[in-house]
Structures are given as C-alpha cells and as structure tokens.
Amino acid sequence: MHPKDSVSDGQPEPPVDAAVVAEVGEQPEAAAEPAVQPAVAVKRRPRGRTTLIIAAAAVLGIAGGIATGYAVQADRAPTPLAALSQPGLAYPAKALPAGKAPDPLPASQDRRVRTEGDLRKLIVPRPKGWQEDKALTALTQDGWLGAADYAMNFENEDYMYGDLLDQGLRRVAGTSWKKGEYRAADVYLVQFRSGAAAAAHAEDQRSYMPDEKGAGNEGTAIKGSAEGRYYLFPAERKAGYLPFYQARAIFSRGDVMVDIHIYDSAPISKKDIRTLAERQLERL
C-alpha cells in the first residue's frame, strides 16, 4: 500500500520505491505501539555528499554521535487520556447548545491540517544569497526522501532504518543549498504518525550532542520551541586541509521533527543557524 499522505492542496504523493513501500505502509490497527528495540550506538555518518562541494578543500568526516534506541513495551496497557483531551469534554456544558459540537479550528490555527498537505511547502524558503545544491537535491525524489535515504545519514543505517519504521515514520521532505565556494546547508522535515514519535526522535538526536563525538556542548535553546536547541561544533582540522565547521539545529513541532545542518570551511556564527531554525519553526 502506498503511504497515507493526504495532500489537501492536490499536490502529488511523494515517490515510493519498493524498499520504501514497507516503510510507510498502513500499520494494522492492533499495532498501537512500536516494538521494543534495544539501545544501539549509532554514529553519525560522515557527510559524503558534502564532498561534492568541498572535496578538494575540506575532506573531513563530520563528528559522530550515538542515537539511542527506543525502549517501549509493546504490551503495556495504554495510558488513559486526560479528561480534557477526550472528545466532548473540551468545553463546559453551558458553552454550547445541547447536542451541538464545537466548530473545528480554521486551517490557519490547526497545525495538523497544514502538515497534512504538501510537506515540501513547509520547508523554510531559501535565504537570500543561497542557491539550490542541485548535486545533492538530484539524489532526492523531487524533494522527498525515503526512510533508507534519511537513514544513510547514520553510520548504522540498517538499525536506523528499522528504528524509524518501528516508530511510525511517515515521510521525509528535504532540501539542500550552497553559498559561495564551500558553505552548504541541509534541511530535513521528518514526519511521523504521532507527535510523541517526532519528539522522541528529536530527543534521541539531542541526547548525544553534548558528548565529544557530538558538538561537545549543551547548545542553545531555540526561541519559541519547548525543547529545541542549536549547536556549533568545534572546528575539525587536519594538516594540508582547510578547517571544517558545522552547525546543527534539532527540534520538533507536532508530528514533524526538524533537522538542520550548515557546513563550511569558515566559522559559522550562532546567528546563521539560529535564524534558519527560528524561521523554520515559524513555518510549522
């Protein structure tokens, strides 16, 4: 079955190859929760695609990290919803006439309606002075990435691929830009079938960033996001090569996890990554 990607504005479904059909197929009703997965160390894969731009100047691997596994008991009893989260209890009895349900939120206020459409349209607009990185964008399927494509960003891609599917990955939209000779950026919108899974994937990625194999620091909070943070990595230096710099922003909103990267052979300012993250947050 093809992915259940309802597109309210008539945009085409993201292309799906045979390997991805299983990834985004409808889950049986009985599978309410993901299968238990052991914690596995998953190092960040060196960004090989970046070398299309800076291979002659900064062929350095990107700092790695550890993406923890999810430990969820598949057979545990579901937690009852809070009273005000249940249908019919969100409004006092006197607020509406008897038998009348509340009006639905307008699309401008209902985040779920926006993310049900063409997810690619929610990617932050390309900043002034940047150009599309056609060398990398050509590797995507018209702005869509399958689970296998996204998992290639991690050294243990087989584990990450299976873990993403277990957590209910729905689809991934992505774009890449370049500026000048060496600066490059990637933006990924990773949509899951639940907000809890999106938040968990974001937390997994943030969890190793303070380590030496990550950014080596706690990062800085993103304004307007409850848990989102952005990070500047220390420069990687190797004799005979230009230094390599990286910045990353990680956050989630609703059922979408956002992963933003900037790479360069020159220092990247906090403003560069912060501004891009805040603008993307506003789009969601």
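Above this note sits the structure.
Worth saying up front: this structure is predicted, and the values here are computed from it rather than measured. (Residues numbered from 1 in each chain as written. Predicted model: local features only at pLDDT ≥ 70, side-chain atom pairs only at ≥ 80, totals over all residues. Heavy atoms only, no water.)

**Focus on the overall build of the chain**
Across its full length, the chain carries eight helices and eight strands. Per-residue burial over the chain gives 43% buried out of 284 residues. Counting only carbon and sulfur atoms, one obtains 55% of the accessible surface of the chain, whose full area is about 14,700 Å². (Helix = DSSP H or I, 4+ residues; strand = E, 2+ residues; numbered from the N terminus. Buried < 20%, exposed > 50% of the residue type's maximum accessible area, 1.4 Å probe, protein only. Areas by Shrake-Rupley, 256 points an atom, 1.4 Å probe, with all protein chains shown as cover.)

**Overview of the pairing of strand β6 (residues 229–232)**
Relative to β6, strand β5 (residues 220–221) runs antiparallel, the two sharing two bridges. Residue pairing in the sheet places Ala-221 in a bridge with Arg-229 of β6. Here four bridges tie β6 to strand β7 (residues 245–253), and the two strands are oriented antiparallel to one another. Looking at β7, one finds that Arg-229 is bridged to Ile-250. (Pairing = 2+ DSSP bridges.)

**Regarding helix α6 (residues 157–166)**
For an α-helix the count is 3.6 residues per turn, leaving residues at separations of three or four pointing the same way. Buried residues of α6: Tyr-159, Met-160, Asp-163, Leu-164 and Leu-165, and no others. Remark: Gly-168 follows α6 within two positions and exhibits a positive phi of approximately 90°.

**A closer look at helix α7 (residues 195–207)**
For α7, spanning 13 residues, the distance from its first C-alpha to its last is 18 Å, which sits close to the expected 18 Å at 1.5 Å a residue. For α7, the complete set of buried residues consists of Ala-197, Ala-198, His-201, Ala-202, Asp-204, Gln-205 and Arg-206. Next to the buried residues of α7 lie α5 (147–151), α6, β4 (183–192), β6, β7 and β8 (256–264). (Expected span 1.5 Å × (residues − 1). Contact = heavy atoms within 4.5 Å.)

**Points about the pairing of strand β3 (residues 169–179)**
With nine of its 11 residues buried, β3 lies for the most part within the structure. Pairing geometry for strand β1 (residues 131–132) and β3, over two bridges, is antiparallel. Residue Gln-131 lies in a different strand from β3, and its bridge partner there is Lys-178. Relative to β3, strand β2 (residues 144–145) runs antiparallel, the two sharing two bridges. In the sheet register, Leu-145 faces β3, and the bridge partner there is Val-172.

**Things to note about the environment of Thr-175**
Among the structural elements, Thr-175 can be located in strand β3. With 55 residues separating them along the chain, Thr-175 and Arg-120 place their C-alpha atoms 8.6 Å apart.

**Here's the deal with the pattern of salt bridges**
Scanning all chains against the criterion turns up eight salt bridges. Where Asp-272 meets Arg-183, a salt bridge forms, and the shortest distance between an N and an O atom there is 3.0 Å. Taken together, the residues Asp-272 in helix α8 (residues 270–283) and Arg-183 in strand β4 connect sequence positions 89 residues apart. Among the residues examined, Asp-272 registers a relative accessible area of 32% and is labelled partly exposed. (Salt bridge = Lys/Arg side-chain N within 4 Å of Asp/Glu carboxyl O.)

**As for the environment of Tyr-188**
Position of Tyr-188 among the secondary structure elements: in strand β4. Residues Tyr-188 and His-261, 73 residues apart in the sequence, show an inter-C-alpha distance of 8.9 Å.

**Describing the packing of aromatic side chains**
A full pass over the atoms with the stated rule returns four aromatic pairs. Look at Phe-244 and Tyr-263: their rings are 6.0 Å apart centre to centre, the planes differ by 40°, and that puts the pair in the tilted class. With a gap of 19 residues between them, Phe-244 in the loop between β6 and β7 and Tyr-263 in strand β8 connect regions that are remote in the sequence. We note that Phe-244, like Tyr-263, is buried. (Phe/Tyr/Trp six-rings, centres within 6.5 Å; stacked < 30°, edge-to-face > 60°.)

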